[in-house]
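Architecture at a glance
Read off the chains here:
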Amino acid sequence: MSDDTAPNSVELATELTIAWLGNQNNRVAADEVPAFLRTMHATITELSSGTASGPEAEETSSAEFTPAVSVRKSLASKDHIISMIDGKPYRTLRRHLSTHGLTPEEYRARYNLKPDYPMVAETYSAQRREMAKKIGLGSKGRGAKKRAPKSA
């Protein structure tokens, strides 16, 4: 492949930067544009040369996450758990985490949480437990075990 047909990394970085700035959801000060262009150019150059390494990039990305709230504050209420991703309260974190592409284990690892960090608020869990008992969930197996010795 000749140099004439190969994409110029400066031109490609410029086009990507223009497209990024054209998005109405991105609000950027004029002072930040040159730094973004430099970063974009470095990234394109790195990707085109093939010097980027996956495992090292993953290690640095895991250190970048700062929690929105402290662990103590996230568990302060029994009615909800405050997400460390966005600082909003949720009764259960599982669906919220799946929208961010995380599993509970990855969430705990990202924010250095203990393995027993809850994913469901205490009062919500109690409500669900009471509802399950009320409809008889799980009692069928115990009832069958009690009846078995009588018939034998």
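Residues numbered from 1 in each chain as written. Predicted model: local features only at pLDDT ≥ 70, side-chain atom pairs only at ≥ 80, totals over all residues. Heavy atoms only, no water.

Focus on helix α2 (residues 33–49)
Taking 1.5 Å of rise per residue, 17 residues should cover 24 Å, and α2 covers 24 Å from first to last C-alpha, within 8% of that figure. In the stretch just after α2, G50 is the one whose phi turns positive, near 80 degrees. (Helix = DSSP H or I, 4+ residues; strand = E, 2+ residues; numbered from the N terminus. Expected span 1.5 Å × (residues − 1).)

Points about a nonpolar patch on the surface
Residues M131, I135 and L137 make up a contiguous nonpolar surface patch of about 330 Å² in total accessible area. Relative to the assigned elements, L137 resides in the loop between α7 (122–134) and α8 (139–151). (Patch = residues over 30% accessible without salt bridge, like charges linked within 9 Å, V, L, I, M, F, W, Y side chains within 5 Å. Areas by Shrake-Rupley, 256 points an atom, 1.4 Å probe, with all protein chains shown as cover. Salt bridge = Lys/Arg side-chain N within 4 Å of Asp/Glu carboxyl O.)

Remarks on the pattern of salt bridges
One pass over the full model with this rule turns up one salt bridge. A salt bridge links E122 to K78; the nearest nitrogen and oxygen atoms lie 4.0 Å apart. A residue pair is termed long-range when its members are at least 10 positions apart, and E122 in helix α7 and K78 in the loop between α4 (71–74) and β1 (81–82) qualify at 44 residues. Judged by its relative accessible area of 52%, E122 falls in the exposed class. When its relative accessible area of 52% is taken as the criterion, K78 is described as exposed. (Buried < 20%, exposed > 50% of the residue type's maximum accessible area, 1.4 Å probe, protein only.)

Some words on the nonpolar core
Nonpolar side chains in soluble globular proteins generally cluster together in the buried interior. With 14 residues, the main nonpolar core has M84, L93, L97, Y107, L113, Y117 and M119 as its most contacted residues. Setting aside residues no more than four positions away along its own chain, M119 makes contact with I81, R91, T92, L93, R94, L97, P104, Y107 and R108. (Core = buried A, V, L, I, M, F, W, Y, C linked by side-chain atoms within 4.5 Å. Contact = heavy atoms within 4.5 Å.)

Some remarks on the side chain of R108
Among the structural elements, R108 can be located in helix α6 (residues 104–110). Despite its burial, R108 pairs with no opposite charge; the closest candidate is E105, at 4.3 Å N-O. Leave out the neighbours within four places in its chain, and R108 touches L113, K114, P115, Y117 and M119. (Lys, Arg positive; Asp, Glu negative; His and termini not counted.)

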